[in-house]
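Working through the structure, step by step
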Amino acid sequence: MSGILDLINEANDIKKVKPSDYNRLAGEIREFIIENISKTGGHLASNLGTVELTMALHLYLDFPEDKLVWDVGHQAYTHKLLTGRKKDFASLRTFEGLSGFPKRKESNCDCFDTGHSSTSLSAAMGLVRARDLKGTDEKVVAVIGDGALSGGMAFEALNNAAELKSNLIIILNDNKMSISENVGGMANYLGKLRTGDKYINLKQIIEKALNNVPGIGHIIADKVRKSKDSIKRLVIPGMLFEDMGLTYIGPIDGHNLNELQMALASASKAKKAVIIHAITKKGRGYKPAEKNPSYFHGVDAFDVKTGKNSKVKKGITYTEIFSDTMLELGEMHKDLVAITAAMPSGTGLNKFKQKYPERFFDVGIAEEHAVTFAAGLALGGMKPVVAVYSTFLQRAYDQIVHDVCLSSLPVIFAIDRAGIVGNDGETHQGIFDVSFLSHIPSLTLMAPKNAVELIEMLHFAYAYNGPVAVRYPRGRAYEGLSEFQAPIVYGKSEVIYQSNTAGKKKNTQKNRILLLAAGSMVEAGAQIHDILVSEGREVTLVNIRFIKPMDTALLKEMAAGHGIWVTLEENVQRGSYGEGVASYLFEQNLRDIRLLNITLPNQFIEQGDVSVLKEKLGFDTASLTKRIKDFISHS
Ligand SMILES: Cc1ncc(C[n+]2csc(CCOP(=O)(O)OP(=O)(O)O)c2C)c(N)n1
Ligand SMILES: CC(=O)[C@@H](O)[C@H](O)COP(=O)(O)O
Ligand SMILES: [Mg+2]
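Here the structure is a predicted model, which means the values were calculated and not measured.

**Some points on the confidence of the model for the protein**
Residues of the protein with pLDDT of at least 70 account for 92%, and the chain-wide mean is 94. When pLDDT is averaged over each element of the protein, strand β9 (residues 412–416) comes out on top at 99 and helix α10 (residues 230–235) at the bottom at 46. A low-confidence stretch, residues 198–202 stays under pLDDT 50, and its non-local contacts, those more than four residues away or across chains, total four contacts. Every residue in residues 228–235 is under pLDDT 50, and counting partners more than four places away or in other chains gives nine contacts.

**Quick word on the domain arrangement of the protein**
Looking at the assigned domains, one finds that the protein contains domain 1 (5–291), domain 2 (318–471) and domain 3 (494–634). For the pairing of domain 1 and domain 3, the buried interface totals around 490 Å² over both sides, and the portion due to carbon and sulfur atoms is 55%. At the junction of domain 1 and domain 3, the tally comes to zero salt bridges. Here domain 1 and domain 3 share three residue pairs in polar contact (both at pLDDT 80 or more) between them.

**Describing the side chain of D433**
Considering the arrangement of structural elements, one finds D433 in helix α20 (residues 433–437). A distance of 2.8 Å separates the side chain of D433 from the side chain of S390, its partner in a polar contact. Filtering out sequence-adjacent residues up to four positions away, D433 remains in contact with S390, A418, S438, R471 and N571.

**Re the UniProt feature "binding site: thiamine diphosphate" (unreviewed entry) in the protein**
Following the UniProt record, the feature "binding site: thiamine diphosphate" (unreviewed entry) maps to H74, G115, H116, S117, G147, A148, N175, Y286 and E367 here. For the annotated residues, spread through 294 residues, the largest C-alpha to C-alpha distance comes to 31.8 Å, inconsistent with a single compact locus. Examined against the element boundaries, A148 turns out to sit in the loop between β2 (140–145) and α6 (152–161). Residue A148 is classed as buried on the basis of its relative accessible area of 6%. Among the structural elements, N175 can be located in the loop between β3 (168–174) and α7 (185–194). Classification of N175 as buried rests on a relative accessible area of 13%.

**Focus on the sheet that holds strand β14 (residues 539–543)**
Read from one edge of the open sheet, five strands run β12-β14-β13-β16-β17, paired in mixed fashion. Of all strands in the sheet, those with a lone pairing partner are β12 (494–497) and β17 (594–600), marking the two edges. Recorded for the sheet is a direction-independent mean angle of 25° between the axes of neighbouring strands. The sheet contact formed by strand β13 (residues 513–517) and β14 spans five bridges and is parallel. Each residue of the ladder has a partner; that of L516, found in β14, is V542. Seen against the sheet, helix α25 (residues 577–587) touches β13, β16 (564–572) and β17 and runs at an angle of roughly 145° to β16.

**So, the pattern of salt bridges**
Enumeration over the complete set of coordinates arrives at 32 salt bridges. Among the ionic pairs, K105 bridges to E426, the shortest N-O distance being 3.4 Å. With K105 in the loop between α4 (77–81) and α5 (120–134) and E426 in the loop between β9 and α20, this residue pair connects regions lying 321 residues apart in the sequence. Given a relative accessible area of 21%, E426 falls into the partly exposed group. Three or more residues joined by partner-sharing salt bridges are found here, namely K80, R85, E106 and D110.

**Examining the site of ligand 1**
The local shell around ligand 1 holds 22 residues, among which H74, D146, G147, K282 and E367 are the closest. G147 places a polar main-chain atom, nitrogen or oxygen, 2.7 Å from an oxygen atom of ligand 1. The fraction of the free accessible surface of ligand 1 (580 Å²) that becomes covered by protein chains is 97%. Classifying every residue of the shell around ligand 1 by side-chain character gives eight nonpolar, ten polar and four charged. Each of domain 1 (5–291) and domain 2 (318–471) gives at least three residues to the shell around ligand 1.

**Details of the sheet that holds β9**
Read across the open sheet, the seven strands follow the order β7-β6-β8-β9-β11-β10-β15; overall the sheet is mixed. Of all the strands in the sheet, just β7 (360–362) and β15 (546–548) have a single pairing partner and so form its edges. Going across the sheet, the axis of each strand differs from the next one's by a mean of 20°, ignoring polarity. The pairing of strand β6 (residues 336–340) with β7 spans three bridges and is parallel. Across the sheet, T340 pairs through a bridge with D362, a residue of β7.

**Focus on the coordination of the magnesium ion (ligand 3)**
Coordination of the magnesium ion (ligand 3) by the protein comes from D146 (OD), N175 (OD1) and M177 (O), over a distance range of 2.0 to 2.1 Å. For the magnesium ion (ligand 3), the donor residues sit on a single chain with the sequence spacing D-x28-N-x1-M. On the criterion of sequence distance, the pair formed by D146 in the loop between β2 and α6 and M177 in the loop between β3 and α7 is long-range, its members being 31 residues apart. The class for D146 is buried, based on a relative accessible area of 3%.

**Section: the pairing of β14**
Consecutive side chains of a regular strand alternate in pointing toward one face of the sheet and then the other. A large share of β14 lies buried, amounting to five of its five residues. Every second residue of β14 is oriented toward a common face, with V539, L541 and N543 on one face and T540 and V542 on the other, all of them buried. In this structure, β12 lies alongside β14, joined through three bridges in antiparallel fashion. Residue pairing across strands places E494 opposite N543, the latter belonging to β14. Crossover β13 to β14 through helix α23 (residues 521–534) is right-handed.

**Brief notes about the packing of helix α1 (residues 22–40) against helix α3 (residues 51–60)**
Across the interface, α1 lies against α3 with an axial gap of 10 Å and an inter-helix angle of 125°. Here α3 runs oblique to α1, going by the angle between their axes. Of the two elements, α1 crosses α3, and the hand of that crossing is right-handed. Here Y22, L25, A26, I29 and R30 of α1 come into contact with α3, specifically with V51, E52, M55 and L59.

**Digging into the site of ligand 2**
Every residue close to ligand 2 is listed here: H43, V72, F101, G115, I179, H297, Y389, F392, R417, D424, H428 and R474. Contact distances for ligand 2 include 2.7 Å between an oxygen atom and a side-chain N or O atom of H428. In the complex, the protein chains occlude 83% of the 360 Å² of accessible area that ligand 2 would expose alone. Taken together, the residues of the shell around ligand 2 break down into five nonpolar, four polar and three charged. Looking at which domains feed residues into the shell around ligand 2, each of domain 1 (5–291) and domain 2 (318–471) supplies at least three.

The rules we used
Residues numbered from 1 in each chain as written. Chains lettered and ligands numbered in written order. Predicted model: local features only at pLDDT ≥ 70, side-chain atom pairs only at ≥ 80, totals over all residues. Heavy atoms only, no water. pLDDT = per-residue confidence, 0-100. Helix = DSSP H or I, 4+ residues; strand = E, 2+ residues; numbered from the N terminus. Contact = heavy atoms within 4.5 Å. Domains from an automatic or database assignment. Buried area = accessible area lost by both parts, 1.4 Å probe. Salt bridge = Lys/Arg side-chain N within 4 Å of Asp/Glu carboxyl O. Polar contact = N/O pair within 3.5 Å; in protein donor to acceptor, adjacent residues only side chain to side chain. UniProt positions renumbered as here; feature names shortened; annotations may be inferred. Buried < 20%, exposed > 50% of the residue type's maximum accessible area, 1.4 Å probe, protein only. Pairing = 2+ DSSP bridges. Axes fitted to C-alpha atoms, helices over the stretch in contact; angles between N-to-C directions. Near = heavy atom within 4 Å. Areas by Shrake-Rupley, 256 points an atom, 1.4 Å probe, with all protein chains shown as cover. Nonpolar A, V, L, I, M, F, W, Y, C, P; charged D, E, K, R; others polar. Donors = N, O, S within 2.8 Å, 3.2 Å for Na, K, Ca; no water. Right-handed = clockwise from strand over helix to strand, strands pointing away. Parallel < 35°, antiparallel > 145°, perpendicular 65-115°, else oblique. Left-handed = near helix turned anticlockwise from the far one by under 90°.

Rendered as structure tokens:
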């Protein structure tokens, strides 16, 4: 039997669906999403929570003329389904497939690319101002989650939106959850609004009680009813927003299409910014996700019946190593404190949170605040560890420079997801951190070659008195080369394999190869070393360890015996370690040394499995070896 969803093949088709079929359509959408995500993986729980919300918006808006801005964008699958992309879902988050986030290049119904949090209100404000300047009449709606509303940018935009004299609709999609449980004062306030009906009852109870007071009771009750201030604040939900100058509608049931449509119709009349507070359930309609929305926030393929992950787990991850080491360090050092910007499980800090709740701080989706907060903790005598994904640290550049490094404060940055992360694509690749960190004076930047070295580096970072960052990739930790465990010495690299330089002729020196590999690339470096050596070449392999400061003493020593240098790292070329080596050779006038920088290209890197992307980028061992050999023979 064909379903209602089959009738929807392009934008605005939903308007042809009979209202009596809306519930059936919502059910079919949920079924479709569960079925598909169970095969491809993806952001399941948030999408199940926004089905009716998205349907209501599609009934209200005309695409592509009207503009719908999604915050983070991880909840936009229904929007994709309703705008002609149903057929592409099998390719979700794969190379050249359907993106997991809104993408302008994918559809003219996506008006703003997202992936990072708390940007929707600013972008929507810009669209409104542009509309008003042009004199056009398209509608503009932003959808922001309660988690995303904890981000500083959202507050900045709300402050600005209060000045609007034309319509902007903000849907606050409140499911009480960020990835983990939502935190902070705004979350508490929203909690109070959710129970707003209780306050209304309270008002009625007060009025009734006063009316029963003989004599002046009814006069006071009348005053209470008319009072605009204190009592109103008590009884009318959303007064915080109202007092700021925005109109608040809600709370409403975000799974009730009627309520949503009525709220949108009434919001559309205001010549100002209006917040519709919609209460939804993360994971709605799929029991395992309703029960454990954090786990089903972002999942790999799973079995629909059991909800269990169907992929076999291979090896320990860097995140797990970090997580366990934090427990160890926490036990040893009572001044160690840990900070996350709403990612306790993603960063692995959840164990630390459980064991040392008083030394754990989840500040909400607020990376800028997290870093300056860490500066304050360090000033107060604590040893803060900011655990953060490379891509989200981009937010906090000025705070790192101005608040931490300028005063050389002992803050540790544990930078997870450094390098290619895979299926989340352009917005989430951690490929810029070496570039935006390695020029900051007083900051030390390290990268471990393997699991053991991450542990050592974290211990080293604790003991070091100054700002220090350790970057490590997403996923499985490399466990090879574990016999190489030279103690970490500040600013010193580790020579893994030293080619024999004794008694060799000058010509041999010219052709001798020096591989300078950073972090995740040491594994590839070791493989390339073995291949080149098996072909009779002389090769030295160095594990950089310190991307900054550069170990110039070692470089000087190596310059005497190696004519071909190759740097290997997982970062774009501009601002890379390799670029630093090129400057060094130039400054030292070492013009005879031929240098090949192997870095990621200076471009945004799209989505796909890490192995697929590496192959496409020529970053797999076979391609890298070929590149090095070509370089040797052509230079
Ligand atoms: C700047 C930034 N930091 C962290 C994240 C990781 N992240 C993605 S979704 C999310 C939670 C968002 O919560 P909410 O807005 O309430 O949406 P929900 O998942 O509940 O639907 C977080 C922390 C991000 N995308 N961007
Ligand atoms: C949407 C978002 O930003 C996160 O949910 C992100 O997808 C998590 O990535 P990991 O799977 O690497 O934790
Ligand atoms: Mg939420």
